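Structural characterization, general
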Amino acid sequence: MPFKIDWEHAGVYRHYYGDVTVAERRASLDVICGDRRFDDLRYALTNYLEVQAYESSAEATAEIAAMHIGPMFTNPQILIVAVAQREDILSAITDFQRLGLVRTPYVVFPTVPEARAWIHSQLH
């Protein structure tokens, strides 16, 4: 699997690397949302900086956005934060946001330190 998930004090840090497929993105979401710690999360931080290839389509983006609806009802306080610089990933995130299925904040930063600083400012 081209992802690693680290559970942190108030959140979860997902790090994608290498070639990332839609199936693997679904799998990582299932791991996070299916964990007993999910309901207590305040943020989910995803790092896309080491992705080499990123499989995406409009249909897959809509499906993954829809997969967020149930978990967002059980944990509406969660912040969704991404770290990305590749145009294809940024475009997929923008498409996800445009769908409007997730009402929680979903923000993107170019670096992990910037993302973590923003999360810290929101939680304190």
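Calculation rules
Residues numbered from 1 in each chain as written. Predicted model: local features only at pLDDT ≥ 70, side-chain atom pairs only at ≥ 80, totals over all residues. Heavy atoms only, no water. Axes fitted to C-alpha atoms, helices over the stretch in contact; angles between N-to-C directions. Helix = DSSP H or I, 4+ residues; strand = E, 2+ residues; numbered from the N terminus. Parallel < 35°, antiparallel > 145°, perpendicular 65-115°, else oblique. Left-handed = near helix turned anticlockwise from the far one by under 90°. Contact = heavy atoms within 4.5 Å. Nonpolar A, V, L, I, M, F, W, Y, C, P; charged D, E, K, R; others polar. Phe/Tyr/Trp six-rings, centres within 6.5 Å; stacked < 30°, edge-to-face > 60°. Buried < 20%, exposed > 50% of the residue type's maximum accessible area, 1.4 Å probe, protein only. Lys NZ or Arg CZ within 6 Å of the ring centre and 35° of its normal.

**Some remarks on the packing of helix α2 (residues 58-67) against helix α4 (residues 87-99)**
Between α2 and α4, the shortest axis-to-axis distance is 9 Å and the interhelical angle comes to 55°. Relative to α4, the element α2 lies oblique. Crossing geometry of α2 relative to α4 is assigned as right-handed. For the pair formed by α2 and α4, the contact residues are T61, A62, I64 and A65 on the first element and A92, D95, F96 and L99 on the second. Taken together, the residues of the contact of α2 with α4 break down into six nonpolar, one polar and one charged.

**Section: the packing of aromatic side chains**
The full count for this structure, using the stated rule, is five aromatic pairs. Residues F3 and Y16 carry aromatic rings whose centres are separated by 6.2 Å and whose planes lie at 75° to one another, so their mutual orientation is edge-to-face. In this pair, F3 is assigned in strand β1 (residues 3-7) and Y16 in strand β2 (residues 11-20), connecting sequence segments 13 residues apart. Residue classification places Y16 among the buried positions, given a relative accessible area of 2%. Taking 5.4 Å as the distance between ring centres and 35° as the angle between the ring planes, the aromatic pair formed by Y16 and Y48 counts as tilted. Of this pair, Y16 sits in strand β2 while Y48 is found in strand β3 (residues 43-54), placing the two residues 32 residues apart along the sequence. Across the pair, exposure class does not vary: Y16 and Y48 are buried alike. Members of the aromatic cluster, connected to one another through ring pairs, are F3, Y16, Y48 and Y54. Across the ring face of Y13, the terminal group of R116 is positioned such that the distance to the ring centre comes to 5.1 Å.

**Some thoughts on the environment of G34**
On the secondary structure map, G34 appears in the loop between α1 (22-33) and β3. Residue G34 is classed as exposed on the basis of its relative accessible area of 62%. Taking the C-alpha atoms as reference points, G34 and I80, separated by 46 residues in sequence, lie 16 Å from one another.

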